[in-house]
Structures are given as C-alpha cells and as structure tokens.
Amino acid sequence: VQLQASGGGVVQAGESLRLSCAASGRTLRGVAVGWFRQAPGKEREFVAASSRTGGGTYYSNSVKGRFTMSRDNAKNTVYLQLNSLKPEDTAVYYCAAGASVITSSLGNQDAYANWGQGTQVTVSS
C-alpha cells in the first residue's frame, strides 16, 4: 500500500489543522493505521493509531483530547484532526499502515510496514 500524507501547514497556537493520509494499492480495511511525528532534533514518536478493525483508536498522552483520528473507508483515507495546537506540536507528521499490527503494538513504529512521506506542521506562539 502506498500512502500520501497531506494537510500540514503553518498556524498559530490554538488553531487547527486536518491531516489526511490517502492510500492506494490496497484498501485500508483490516489494516492498522498510525500517525507518528518527528520534531527537529528528536526521535520520531507515536501520536495516534487505529486498530485493524477500526474499532479502537489510541492516542499519546500529549495529544489526547486535542487530536482526533478517523477513517473514511469510501475514500480509503485516514484523517488526523489537530485542535488547540501548541508550539510543541511542531513536527513532520507521518502516517503508517500495517496489515499485521496487533493492538499492543499500535504505538510501535517498527510494527508498520508502509510509510507516507510526511507533512510538516509548524505552530507559532
């Protein structure tokens, strides 16, 4: 599966963005999808993930209550709604997919086989 992330931009603190991750090559049904981010000088970290069944969505503590992940199976696209953005949310955001990712590994980037190219989110104070 090929993934194309988009929707990043430059916003002020408190504003919102919606990131998209469009898939091609196969359906995302039955595939776990995760969002990760990497800030300058830092390691890539887990942000959010949706399980293979789509029935469970998980968030890192740093974004819980502000970010919302959703799927549109008809468009074969996954979204990440970013609200109440903070300067510390500044990073390149990546989407990833894996058909064999189990729930306990959703936060483990090594469990994902397919990655998008990343989209830059910059939040100014």
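Now for a quick tour of the structure. (Residues numbered from 1 in each chain as written. Predicted model: local features only at pLDDT ≥ 70, side-chain atom pairs only at ≥ 80, totals over all residues. Heavy atoms only, no water.)

Quick look at the packing of aromatic side chains
Working step 1: For the structure on display, the rule yields five aromatic pairs.
Working step 2: When the centroid spacing of 5.4 Å and the interplanar angle of 80° are considered together, the rings of Phe36 and Tyr112 count as edge-to-face. A residue pair is termed long-range when its members are at least 10 positions apart, and Phe36 in strand β4 (residues 32–38) and Tyr112 in the loop between β9 (91–98) and β10 (114–115) qualify at 76 residues.
Working step 3: By relative accessible area, Phe36 is classed as buried at 0%.
Working step 4: The class of Tyr112 is buried, set by a relative accessible area of 5%.
Working step 5: Ring geometry for Phe36 and Trp115: centres 5.2 Å apart, planes at 50°, overall tilted. Within this pair, whereas Phe36 is found in strand β4, its partner Trp115 is found in strand β10, the two being separated by 79 residues in sequence.
Working step 6: Given the relative accessible area of 26%, Trp115 is considered partly exposed.
Working step 7: A network of ring pairs unites the aromatic residues Phe36, Phe46, Tyr94, Tyr112 and Trp115 as a single cluster.
Working step 8: Its guanidinium or amino end placed over the ring of Tyr79, Arg18 lies 4.1 Å from that ring's centre, counting from NZ or CZ.
Working step 9: The side chain of Arg44 reaches across the aromatic face of Tyr94, ending 5.2 Å from its centre. (Phe/Tyr/Trp six-rings, centres within 6.5 Å; stacked < 30°, edge-to-face > 60°. Helix = DSSP H or I, 4+ residues; strand = E, 2+ residues; numbered from the N terminus. Buried < 20%, exposed > 50% of the residue type's maximum accessible area, 1.4 Å probe, protein only. Lys NZ or Arg CZ within 6 Å of the ring centre and 35° of its normal.)

Some thoughts on the pairing of β4
Working step 1: Counted residue by residue, β4 has six buried out of seven residues, so it is predominantly covered.
Working step 2: Alignment of β4 against β9, held across seven bridges, turns out to be antiparallel. Looking at β9, one finds that Phe36 is bridged to Tyr94.
Working step 3: Pairing of β4 with strand β5 (residues 45–50) involves five bridges; the strand directions are antiparallel. Within β5, the residue paired with Val33 across the bridge is Ser50.
Working step 4: In textbook terms, the turn of a hairpin is the stretch between consecutive antiparallel strands, and for β4 and β5 this stretch comprises six residues, one of which, Gly41, has a positive phi near 75°. (Pairing = 2+ DSSP bridges.)

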